[in-house]
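Understanding the architecture of this molecule
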Amino acid sequence: MRDGPSAAVMLTPMSGTVVLHVGLMKSGTTFVQAQLFAQQASLGEAGVLVPGASWGDQARGVARALKAAPALEKAEDWQALAGPAREHDGVSVISMEFLGPAEPRKIKAIVASLRPARVETVITVRDLNRTLVAQWQETVQNGRWWTFADYLAGVEAARPDGGSPQDEAGRTFWRQQDLVRIARTWQAATDRCTVVIVPPPGAPREELWHRFCGVAGLPIGDPVRTGGANASLGAASTLALRALNEVLAERGMVFPQRSQVRKPLLAKRILAARRPEESAIGLPVLPWVVEASQALVAGTRALGVEIVGDLDELTPVAVPGVDPAEVPLAEIRAAAIAGTAGLVEAR
């Protein structure tokens, strides 16, 4: 096991290596992706290839590969990434969290399409409690309408350390967040698999980037300012959006219908701007979260994958904020009105 960034810095790039950053979701992936493309030119000067003109090219390429696999020969968006990466005499990096929970047969095909390059996997992960809050909010931005209480109950019921995955919310969460299963699958398919721990609250902002660079074989420098933050919402705006999703579903307009209006416009641009004036979503550390986290840590340690950081950093921490069930209706109504006004102005 390798602990801390100093151990990671000692790693050196290998010729003809493709690094696949596969998530987990809500583990700083947007931050890493924004840095890769903000520094694409300087990384290129150092011999590191970040294929694609923008991260959107990588997202489309991976989405196409997952849809087409195992028949990837005609997946042009993917081949536009895979071709330059497998031919590059140095390190190439492709980052897309949708890869993490992919089926083994699709992973096998994707890795095969990158040969004869050496293929390495980086999996970023953060503590379960922070992830629960962020993942619920992300599901709401993606059109779901589970209440926070129902979401937590579903995730608890479907725990991989002894739960029953009958609840859709629970299945969705653990498909994307079961570190042990995802690491085991990628460990079996690639030449090297490394788990990078997202630093705990209060750690220097650059620490995650330094850890990622060290294990991926990138020059280690400070992150640059970007506009690529994955904007989150306040509690009232999240609840207003959840209610909207429920109404739209009842009318037969289920996500991804009008997704470009709901997420990039309404959520990310209009409602996200209200975050400074709204309470954040909070979550104390529940006993079952501690137990589930301990099982994930033990299972990951047993795999024998490389660890950058300290597995103790996955100890759940309380998320400051309010219980969504206690947000006053007047605040939710204000968020809904602001969202409606923003949509009218945008039209």
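Residues numbered from 1 in each chain as written. Predicted model: local features only at pLDDT ≥ 70, side-chain atom pairs only at ≥ 80, totals over all residues. Heavy atoms only, no water.

Observations concerning unusual backbone geometry
Going from alanine 69 to proline 70, the amide bond is cis rather than trans, its omega being 10°. Mapping proline 70 onto the fold places it in the loop between α4 (55-68) and α5 (76-87). In the Ramachandran plot, lysine 26 falls in the positive-phi region, its phi being about 60° despite a non-glycine side chain. Assignment of secondary structure puts lysine 26 in the loop between β1 (17-21) and α2 (29-38). With a phi angle near 55°, arginine 258 is a residue other than glycine that sits in the positive phi range. Tracing the sequence through the fold places arginine 258 in the loop between α12 (235-250) and α13 (259-271). A relative accessible area of 47% places arginine 258 in the partly exposed class. (Helix = DSSP H or I, 4+ residues; strand = E, 2+ residues; numbered from the N terminus. Buried < 20%, exposed > 50% of the residue type's maximum accessible area, 1.4 Å probe, protein only.)

What to know about the sheet that holds strand β3 (residues 91-95)
Strand order in the open sheet made by the six strands is β2-β3-β1-β4-β5-β6, with parallel pairing throughout. Two strands close off the open sheet at either side, each with one partner strand: β2 (48-49) and β6 (306-308). The sheet contact formed by β2 and β3 spans two bridges and is parallel. Each residue of the ladder has a partner; that of valine 48, found in β3, is valine 91. (Pairing = 2+ DSSP bridges.)

Regarding the nonpolar core
Ranked by internal contacts, the top residues of the largest apolar core, which has 77 residues, are Leu72, Trp78, Ile123, Leu132 and Trp186. Per-element tally for this core: the top contributor is helix α14 (residues 287-303), with six residues. In this view, isoleucine 123 contacts Val22, Gly23, Leu24, Leu179, Ile182, Ala183, Cys193, Thr194, Val195 and Val196; residues no more than four positions away in its chain are not counted. (Core = buried A, V, L, I, M, F, W, Y, C linked by side-chain atoms within 4.5 Å. Contact = heavy atoms within 4.5 Å.)

What about helix α9 (residues 168-177)?
Among the ten residues in α9, seven count as buried, and that is most of the element. Among the residues of α9, those classed as buried are Ala169, Gly170, Thr172, Phe173, Trp174, Gln176 and Gln177. Elements in contact with the buried residues of α9: α7 (128-141), α8 (148-157), α10 (179-189) and α14. N-cap assignment for α9: the residue whose side-chain oxygen lies 2.8 Å from the backbone N of alanine 169 is aspartate 167. (Polar contact = N/O pair within 3.5 Å; in protein donor to acceptor, adjacent residues only side chain to side chain.)

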